[in-house]
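Topology and contacts: notes
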Amino acid sequence: MPDIYTDKILILDFGSQFTQLIARRVREAGVYCEIYGCDADPDRIRSFAPKGIILSGGPESVSASAPSDIPDVVFDLAVPVFGVCYGMQAMAAYFGADVGAADHAEFGYATVRARGHSALLRDIQDDVNEQGHGLLDVWMSHGDRVESLPNGFKLIASTDSAPVAGIADESRGYYGLQFHCEVTHTKQGARIIQRFLTDICGCEAQWQPAGIVDSSIESVRAQVGSDNVLLGLSGGVDSSVVAALLHQAIGAQLTCVFVDTGLLRHAEGDQVMDTFANSLGVKVIRVNAEDQFLQALAGVSDPEQKRKVIGGLFVEIFEAEANKITDVKWLAQGTIYPDVIESAGSATGKAHVIKSHHNVGGLPAHMKLQLLEPLRELFKDEVRRVGHQLGLPAAMIDRHPFPGPGLGVRILGEVTKPFADTLRKADHIFIEELRNHDLYDKVSQAFAVFLPVKSVGVTGDGRRYAHVISLRAVETTDFMTAVWARLPYDFLDLMSRRIINEIEGVSRVVYDISGKPPATIEWE
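Parameters at a glance
Residues numbered from 1 in each chain as written. Predicted model: local features only at pLDDT ≥ 70, side-chain atom pairs only at ≥ 80, totals over all residues. Heavy atoms only, no water. Helix = DSSP H or I, 4+ residues; strand = E, 2+ residues; numbered from the N terminus. Rg over C-alpha atoms; globule rule 2.2 N^0.38 Å. Contact = heavy atoms within 4.5 Å. Lys, Arg positive; Asp, Glu negative; His and termini not counted. Charge placed at Lys NZ, Arg CZ, Asp CG, Glu CD. Axes fitted to C-alpha atoms, helices over the stretch in contact; angles between N-to-C directions. Left-handed = near helix turned anticlockwise from the far one by under 90°. Nonpolar A, V, L, I, M, F, W, Y, C, P; charged D, E, K, R; others polar. Phe/Tyr/Trp six-rings, centres within 6.5 Å; stacked < 30°, edge-to-face > 60°. Buried < 20%, exposed > 50% of the residue type's maximum accessible area, 1.4 Å probe, protein only. Lys NZ or Arg CZ within 6 Å of the ring centre and 35° of its normal. Expected span 1.5 Å × (residues − 1). Pairing = 2+ DSSP bridges.

1. Let's talk about the overall build of the chain
What the chain contains, in helices and strands, is 15 helices and 19 strands. Radius of gyration (C-alpha) of the chain: 25 Å, near the 24 Å computed for a compact globule of 524 residues. On the principal axes, the C-alpha backbone points of the chain span a range of 75 × 65 × 40 Å. Put simply, 75% of the contacts in the chain that link residues at least 6 apart link residues at least 24 apart. For the chain, the separation between the mean place of its 48 positive charges and that of its 68 negative charges on side chains is 3 Å.

2. Considering the packing of helix α9 (residues 290-297) against helix α10 (residues 303-322)
At a minimum axis distance of 10 Å, the contact between α9 and α10 shows a crossing angle of 145°. Between α9 and α10 the crossing geometry is right-handed. Note on element contacts: α10 touches α9 through Lys306, Val309, Ile310, Leu313, Phe314 and Ile317, opposite Gln292, Phe293, Ala296 and Leu297. Here the contact of α9 with α10 is built from residues that sort into eight nonpolar, one polar and one charged.

3. Quick look at the packing of aromatic side chains
Any pair of aromatic rings gets described here by the distance separating the centres and the angle formed by the planes. Applying the stated rule across the entire model yields 17 aromatic pairs. Between Tyr5 and Tyr32, the ring centres sit 4.6 Å apart and the planes meet at 85°, which makes this aromatic pair edge-to-face. With Tyr5 in the segment before β1 (8-13) and Tyr32 in strand β2 (residues 32-37), this pair connects stretches of sequence that are 27 residues apart. For Tyr5, a relative accessible area of 31% translates into the label partly exposed. When the centroid spacing of 5.1 Å and the interplanar angle of 70° are considered together, the rings of Tyr94 and Phe95 count as edge-to-face. Phe95 sits in the buried class, given a relative accessible area of 12%. Here the aromatic residues Phe75, Tyr94, Phe95, Phe153 and Tyr174 are joined through ring pairs into a cluster of three or more. Directly above the ring of Tyr36 sits Arg44, whose terminal nitrogen or CZ lies 3.6 Å from the centroid.

4. Some points on helix α6 (residues 209-224)
Here α6 is 16 residues long and its end C-alpha atoms lie 22 Å apart, about the 22 Å a rise of 1.5 Å per residue gives. Buried within α6 we find Pro209, Gly211, Ile212, Val213, Ser215, Ser216, Ile217, Val220 and Val224. For α6, the elements touching its buried residues are β11 (228-232), α7 (237-250), β14 (328-332), β15 (370-372) and α12 (380-389). The positive-phi residue at the C-terminal boundary of α6 is Gly225, with phi of around 65°.

5. Looking at the sheet that holds β14
Within the open sheet, the five strands sit side by side as β13-β12-β11-β14-β15. Their pairing is parallel. Edge strands, defined here as strands with exactly one partner in the open sheet, are β13 (284-288) and β15. Sheet twist, expressed as the mean angle between neighbouring strand axes with direction ignored, is 30°. As defined by bridge partners, β11 adjoins strand β12 (residues 254-260) across four bridges and the pair is classed as parallel. The residue of β12 that forms the bridge with Gly232 is Val257. Across the sheet, α6 lies against β11, β14 and β15, angled at about 170° from β15, the strand it touches most.

Structure, rendered in structure tokens:
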């Protein structure tokens, strides 16, 4: 079996919220990568033996910090180095350039002029100016700028506000760009990263679904041995892929526990049992625990606390089921990279906490089982590709994401059974009509949210004072950023009429037009 880890890239994290997005772009190009903190131990960096290093952006100012932010080992390794935004500024300062506050900060779209031919940008452009210079449409986010070229470097890109927007020392393979090539707003960003990986670092595209599956199976078998494993199966994409992967890796050693929390989507419990127990032959134990979850959530309205309550109860139920099975030593979970990122649970610890995930931050210290997380380093798109590789049905793998705590974090405030039942019906109508109108696959995620406020409405000749449902649909490629979906007005009108007319206790339907950022995709 080919070693999918032979060619690898190291990403040093300086605190950017987009650091993991750089990793995703590298993985999309078929190259394995890992992220270390910018203060990682030099021996650890050496032992990783990367074929190239990428320096991330970050919130700090180079002018207010020492150039030694970049460990000397980065340049001692004699491999190509690519600095992005802050990473370029830090590299420039390391080699003697001046970095200072820009007269005009750049945040958002900008046009960059390619100044000099370079291996990184040659023949990559969105347009050409009258002088024949290549132009790039990019995404900027910086308040400082490089004021002079560092020793041994040449200018390869500029803007009016940032005369030094790209630098290169091609004899050593060192490159820096002021703009963020990892975000989708930079149209040629993927090509630039691909160029660095293949042409400059000499990496081959070995990080592919078939290899990931084979490697994961081998790793699970080595980690678990003859032990038995308990998996919490929610029916979502992540836990479903873990179930299929573990079933293929260890077969009868796997027992799945499907917990019906009372916070699932319409008819989801029966669908999960039919797919895994009946169709795939996976051993699944169904636990009906709606009353337990609703009692535990009574009086709890804070979203972080709800997530911890739900996560803790999940573990308690798993432990109770584990006690009924001989020699269970592992609790498997569908934790993926975005869960870790938004919980600031990555090894770097540089990112700010946005919200905790029950897979990451809600596990109590007394948990007796060891954690098995075979998808922890995969992004959502990689998980889907692995699921297809494992032969799971497309209808399951291509479903929109569903949070681990379920409807518990789509009901704002306290969770009650009437609220959950109302939301479940509204969500079902929304998803049903998205499919009927061929819109489901055109949006990345869509769902309904129950708002704990009442609004006056009129039905027939009577007054209705009832709750509000918000509909949410977004388009995204990475779930790190997202824009609200421009659903047709006629479709939204149909949604409002169906939900209000068919569900008692709803007087008004609204549509969420918030992007991410500043909002998150989920409301809680």
